[in-house]
Structures are given as C-alpha cells and as structure tokens.
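So you can see what is in the structure, the chains are spelled out below.
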Amino acid sequence: MDTPLDLLSHATRHLFFTGKGGVGKTSLSAAVALHLADAGKRVLLVSTDAASNLDEMLGVALRNTPTPVPNVPGLSVLNIDPDNAAESYRQRVVAQMAADSSDTERSTVREQLSGACTTEIASFDEFASLLSDADPRYDHVVFDTAPTGHTLRLLSLPKAWSGFLAGNDRGASCLGPHSGLKMQELRFKAALDALSDATQTTVVLVARADAGAIAEASRTSEELHALGLHNQRLVVNGVFHASDPGDAIACAIEALGTEALHAMPANLRALPRDQVPLRAFDTVGLSALRALLTTAQLPTPDDQTSNLQTSAQGSGLDALADELAQAERGLIMVMGKGGVGKTTIAAALAIGLVQRGKSVHLSTTDPAAHLAATLDGAVQGLRVDRIDPIAETQRYVDKIMASKGAGLSESERDLMLEDLRSPCTEEVAVFHAFSKVVGEARSAFVVLDTAPTGHSLLLMDATGAYHRQMVREFEGHTAGRMVTPLMRLQDPAYTRIILVTLPETTPVSQAQALQDDLRRAQIEPFAWVINKSIAAAGTHDPLLRARLEVERRQMERIANGLATRTYVQPWKARAPIGCAELSALVTKTRANDR
C-alpha cells in the first residue's frame, strides 16, 4: 500500500496530531488510523476536540466509548465528550463519600462539581486513562486533538496536577477533597511518563505551507519540549503546485507556500518531515480518507464553474462594519473553528469601527494570541490587549489572598495559597477577566477574538455555571436587577456574535454545530463571514477548479438556512497582515483586489 508518510513506518503506540486550527489534523489523524487498520493493526482513534467532525468523516456516530467503524475491521473511534466525562467524574467523586453522608452533602458536592473546571479535568481524566492503562485490545491509539492552545493545556495537566497533589492531602479544591484526588496521582504520573517516553509516544505537528501555521508549529514544538515531549515529527499538509504557469491565482498560491517553507524555523527543519499534497476532493468518507495518503485521485465532480460567480457574490466586510457601526456601543464576539481567520476578521472589524468614528477595545481569549502579529502596528482610537491566563491567574490569586487571607494565621494562609495553586484556578481567573471585558461593552465597542471552538465552549460553560449560581443566590430578592455575563451574551442589542468559516465542509459543519450550541444557551448569532473565498478569482487550474465545486456547495448550504446574514471575504494573494492591509478590507471604497 503506497503512502507518502514516512511516519507510518515508525509508528509508536500513541500518535498525537496537533497544530493550528484548520491545518487538517482531523483528516490526517483519521487517514493514518485508517491506513494502520487496513495494514492489519488494531487501532483506536480518539478525539479530544469538543468540536470534532470525525463522525461526518467516518460515517459513524461518536460516543464516549469505543465504537467500531463500519467496513473497517480493526478500527474503533472514541470521542471524549466533555459533558459525559464530567457526569461520570461527578458520580465517581460522590461514590467515594462517606456512607453516612447526607443527601444534602451529596447534592452540595455535585453542585461544586458543575463548573467548567470539572468538565476540563474530567475530560483529562479519560485522556489520562488511555495513556496510563495500556489496553491490550489496541496496537495504536491515535489522538485527534483540539487546536494548539487547548491541546497544550491538556498535555500540561499531568505535570500540573501531579505537582499540585504531591505531598498535599489537605483541604478541598473545586474537584472535591484532595484525599479523594490522591487516588488519581498514580494515573497522572503514568500518563506523564507515557507522554515523555519516545518509545511510546510521537507528537505529530501538523502545519500547512503557510507562514502563520508554520510559526505556530514552531512555538508548539518549543513548548512541547519544555513539557518533556521530545519525540516530534512534522507533517506539512495541503502543499500545492500550479499546473499552468500562466494562471496568476494558482501561481500566487504556490508562491506563498514555497516562501513559507523556505522560511521555516530551524527547530522545525531539524524534525523528520512528511508532505501531503493538496487534493481536489473533500476528505469526507472512507474512500477520500484512503486516497489522502496515496497517489490515487478520486473522480472530480462535473465542472460547474458557471455557477460559481453567482455563489461568490455577497456583501463584504465593509458592509458588515457599516451595519455594526450603526450602534453606539456593544460587544462583538468573533467565533469559529481554529484556522478560519477569526483573528484577521476581528482585527479588521475593530479597525473598521475606528474608521467609522468609534472607540474600540480589541481583545482575545485565545491562548495562542495572534492579535499583535496580525495588527503589526498601532491604530489611534484602538486599544489592544489579551486575556493572558498566567497574568490573570496571578492577579486573581493576589486578590483572593488580600481579601480573604487577612487575619488568618500563617498556616491557614499557606493552606489557602496551596489550594489556589490548583490548575483549576486558571479557568476561574480567565472567566473573571472575560466577564470584565464583557461588561466594558456597556459604554464602548468591545471586539473579542475568541479561542477556537472547543476552548470557547468551555468558557461558555463557565459563564452558564456562574449565571446559575447567581440565580440561586438572588432567588427571592426583589431589590436591584441582577445582570450576569450570560444575560449580556443573550441580549442581541448588547452582543453580536460573528461566526467565521471557510467555504469547506468541515469548517461549515463545525460553525453549524457551534451555532446550535449557542442557540441552546439562548444566544443567537448575528452573522456569518465566509472567509478566503476563491470562487470568483477566475482560476483555470484543474485542481483548484475541482475544489471550487466544494466551495459552491458550501456557499449554497450556508445561504439555504444556516445564516440570516452572510458576508464574503475573498481570498487574497497577499495575506492581510498589518494595519494598512486590514484597513483595506473594511474601507468602503476598497478595490476588489484578489
């Protein structure tokens, strides 16, 4: 069986696929798992991404238990579902309580375990068990991970919790009594040992031939080395070569990729590397996934380019900035799957509002935080910062120690500080910072570039948990009006959610799933932005024209029921980096440069 991936000839038991959102981690991890199973191996494919679309790719419903993939002997798939994991975790903690515990005490513990922090640690607990408990049913466990920032958080948890629990059997955290957590310590240590063992675990850094994706892969590589994960490989996905030197669009796409690869940092150059060419087909279905790693090509659909010009027509970001500027103030949250261009769209809209005479605060909840590099300069009237988890955690700890530590004995203060060293404290601190930013929109425009979908949903969980707590505490009180961050997000006059997607199957499916999650929380998205559309570019490259049919279908899908407002941002031969380039995207008189 032919394959361009050398990593398959050196496959360890655990294979982690990680990288910037949108680089193709899910496609590649699924294709690798499928290839190993076809070669006679017993494989478990695990998704740690709350926004995974493995079900769509493989044609099987994802569950929190291993599920055989139809027509693929030896391959099973498992989704670490955060809600199911959290409920299982709560049941285990309650079961450990003393037999004479009252129903009230048990209910109290369950309520304490209802926050986003519990959801995260419960997901990690299942993830750790896959590393620490070598299931003899499987030869390989392939992990399709969430985008980089969330994955680094996940991979750091074994060390964080092992350090927190070491010698600590006093007090209680948001995960229950420390004495109960001590039983997890051996599992955490085993997980950390497995992650650090090059004979057991390989981390596959996935990037595209794109400067931003390569830069993030380089940063990720350094952070993984710091965590003790040294067995790394690089896969560059979607490498494109133009077939006609006279096609300006195709040649521009190839030139951008070639330039990015030539400028690759030294730490990535030192890694074993594979390249996967751009394919004409969408990687949905077993046939497409098998073809991704071979030289075979699937039949391309009939050319319907005549329909593409109409499909690509739509208002641009300038029109969206005009509509947003009609308000005097408000919160604009830009959300979506990693890699769709949220940061670019958020920065451009912030600049567009400044152009229209507004004072704007632009911030981000993304641990990867690309805002500064995207802006590459200052704009008068625009305040830019980020919610830095480390800084916010220290600020939160200092505040709690100052307000609640006064008057305590030295030993009591030591115990309080010990509890605040829990990794869960970061989640609480980030939520408080997020709430503060949300509140600023009462008097000005706030544009918030959010983390990729899975991480943002955890933040939404924290917002919901806080809202429920406040409702209980204010129940029966009539004085004053309680307004929680969730209530502000639910108010369409206060908050406008912009969903960003690419005109491809996976990003659109995940934007739809995110919209469904938001609607369940009674938050209605305001508009969709279809980013990097090449439908009207005029290319005649055969491979790109085949991919344009995929784009046409997705644009029709969005127009026919998914979005009430749709804005289209064309693909640019030059990435919109810097204030001048971003400004051009939202200027009313901008040229339709492609």
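Fair warning: this is a prediction, and the values are worked out from it, not measured in the lab.

**A look at the packing of helix α17 (residues 389–404) against helix α18 (residues 410–420)**
1) Next: Relative to each other, α17 and α18 sit at 155 degrees, their axes nearing to 11 Å. The pairing of α17 with α18 is recorded here as roughly antiparallel in orientation. In this structure, α17 crosses over α18, and the sense of that crossing is right-handed. Here α17 contributes Tyr396, Val397, Ile400, Met401 and Lys404 to the contact with α18, which in turn contributes Arg413, Met416, Leu417 and Leu420.

**What about the sheet that holds strand β11 (residues 330–335)?**
1) Next: If you walk across this open sheet you meet the seven strands as β13-β12-β14-β11-β15-β16-β17, and the pairing is parallel. Each edge of the sheet is formed by a strand with only one pairing partner; in this case those strands are β13 (382–384) and β17 (566–570). Along the sheet, successive strands turn relative to each other by an average axial angle of 20 degrees, direction set aside.
2) Next: Where strand β12 (residues 360–364) meets β13, three bridges bridge the pair, whose relative direction is parallel. Bridge pairing links Leu362 to Val384 in β13.
3) Next: In the packing of helix α14 (residues 317–324) onto the sheet, the strands contacted are β11, β14 (445–449), β15 (495–501), β16 (527–533) and β17, and the crossing angle to β17 comes to about 140 degrees.
4) Next: Together, β11, β15 and β16 form the strand contacts of helix α22 (residues 505–520), whose direction differs from that of β15 by roughly 160 degrees.

**Concerning the sheet that holds strand β10 (residues 273–277)**
1) Next: Across the sheet, which stays open at both edges, the eight strands sit in the order β3-β4-β2-β5-β1-β8-β9-β10 with mixed pairing between neighbours. The sheet is open, and its two edges are formed by β3 (67–68) and β10, each paired on a single side.
2) Next: Relative to strand β4 (residues 75–79), β3 runs antiparallel, the two sharing two bridges. Pairing of Pro68 across the sheet is with Ser76, part of β4.
3) Next: Contacting β1 (14–18), β2 (43–47), β4, β5 (140–144), β8 (201–208), β9 (232–239) and β10, helix α1 (residues 25–38) crosses the sheet at an angle of about 165 degrees to β5.

**Looking at helix α24 (residues 579–586)**
1) Next: Along α24, the residues classified as buried are Cys579, Leu582, Leu585 and Val586. Looking straight down α24, one finds that the buried residues subtend no more than 120 degrees of arc, so they occupy a single side.
2) Next: On its buried face, α24 sits against α14, α15 (342–355), α16 (371–375) and β17.

**A look at the pattern of salt bridges**
1) Next: Considering all chains together, one arrives at 14 salt bridges under this definition.
2) Next: For the salt bridge of Asp139 with Arg42, the shortest nitrogen-to-oxygen distance reads 2.9 Å. On the criterion of sequence distance, the pair formed by Asp139 in the loop between α5 (116–132) and β5 and Arg42 in the loop between α1 and β2 is long-range, its members being 97 residues apart.
3) Next: Residue Asp139 is classed as partly exposed on the basis of its relative accessible area, which comes to 27%.
4) Next: Its salt-bridge partner being Arg383, residue Glu440 comes within 3.0 Å of it at the nearest N-O pair. One end of the pair, Glu440, is in helix α19 (residues 424–440); the other, Arg383, is in strand β13, with 57 residues separating them in the sequence.
5) Next: On the basis of relative accessibility, which here comes to 23%, the residue Glu440 falls in the partly exposed class.
6) Next: The exposure class of Arg383 is partly exposed, given its relative accessible area of 44%.
7) Next: Each of Asp6, Arg233 and Asp274 takes part in a single network of salt bridges with overlapping partners.

**Structural notes on the nonpolar core**
1) Next: Core analysis: the biggest nonpolar cluster contains 68 residues, and Leu45, Leu58, Leu75 and Leu293 have the highest contact counts within it.
2) Next: Dropping the residues within four chain positions of it, Leu75 is found in contact with Ala33, Leu34, Ala37, Val43, Leu45, Thr67, Pro68 and Val69.
3) Next: Ile345, Val360, Phe445 and Val529 belong to the second-largest nonpolar core, a separate cluster that totals 35 residues.

Basis of the calculations
- Residues numbered from 1 in each chain as written.
- Predicted model: local features only at pLDDT ≥ 70, side-chain atom pairs only at ≥ 80, totals over all residues.
- Heavy atoms only, no water.
- Axes fitted to C-alpha atoms, helices over the stretch in contact; angles between N-to-C directions.
- Helix = DSSP H or I, 4+ residues; strand = E, 2+ residues; numbered from the N terminus.
- Parallel < 35°, antiparallel > 145°, perpendicular 65-115°, else oblique.
- Left-handed = near helix turned anticlockwise from the far one by under 90°.
- Contact = heavy atoms within 4.5 Å.
- Pairing = 2+ DSSP bridges.
- Buried < 20%, exposed > 50% of the residue type's maximum accessible area, 1.4 Å probe, protein only.
- Arc of directions from axis to C-beta.
- Salt bridge = Lys/Arg side-chain N within 4 Å of Asp/Glu carboxyl O.
- Core = buried A, V, L, I, M, F, W, Y, C linked by side-chain atoms within 4.5 Å.

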